[in-house]
Amino acid sequence: MKVYKNLPVLPKDAREASDVFYKQNQGDVPINYENEVLLAKQKGEAEPFTIPK
């Protein structure tokens, strides 16, 4: 996949992916589980998000 060629790191789980995106400012967009996005919102992260049906 073309997506994998652009990844500086490949986190092992959803929490680590959130940390890499929000705390380390790596990546253009997070693709993650709904609960991780909602948790980030509760912590004040102001990224827009879409939750598919």
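Here, the structure is the one placed above.
Below you will find a few notes about this structure.

Each value, and the rule that gives it
- Once a new chain begins, its residue numbering starts again from 1 and follows that chain's sequence as written.
- In keeping with the predicted nature of the model, local features appear solely for residues at pLDDT of at least 70, side-chain atom pairs appear and are counted solely at 80 or more, and the whole-chain, interface and lining totals rest on all residues.
- Here the side-chain values reflect all heavy atoms present in the structure, with hydrogen atoms and water set aside.
- Counting from the N terminus, the helices are DSSP H or I runs at least four residues long and the strands are E runs at least two residues long.
- Here's how the labels work: a residue is buried when its accessible area is under 20% of the maximum for its type, exposed when over 50%, partly exposed in between, all with a 1.4 Å probe on protein chains only.
- The criterion used for residue contact is that any of the two residues' heavy atoms lie within 4.5 Å.
- For patches, a residue must show more than 30% relative accessible area and have no salt bridge; joins then use 9 Å for like charges and 5 Å for nonpolar side chains, namely Val, Leu, Ile, Met, Phe, Trp and Tyr.
- In short, Shrake-Rupley with a 1.4 Å probe defines the accessible areas, and a residue's cover is counted only from the protein chains shown.
- Salt bridges are defined as contacts in which a side-chain nitrogen from Lys or Arg sits within 4 Å of a carboxyl oxygen from Asp or Glu.

1. Structural notes on the side chain of Glu 36
For step 1, the next point in the chain: Following the sequence through the fold, Glu 36 ends up in helix 3 (residues 34-42).
For step 2, the next point in the chain: Residue classification places Glu 36 among the buried residues on the basis of a relative accessible area of 6%.
For step 3, the next point in the chain: When residues no more than four places from it in sequence are discounted, the contact partners of Glu 36 are Ala 14, Arg 15 and Ser 18.

2. Focus on the side chain of Ser 18
For step 1, the next point in the chain: Note on placement: Ser 18 falls in helix 2 (residues 14-23).
For step 2, the next point in the chain: The class for Ser 18 is buried, based on a relative accessible area of 8%.

3. Regarding a nonpolar patch on the surface
For step 1, the next point in the chain: Taken together, Met 1, Val 3, Tyr 4, Leu 7 and Leu 10 make up a surface patch of nonpolar side chains, about 570 Å² in accessible area.
For step 2, the next point in the chain: Position of Val 3 relative to the elements: it lies in helix 1 (residues 2-5).

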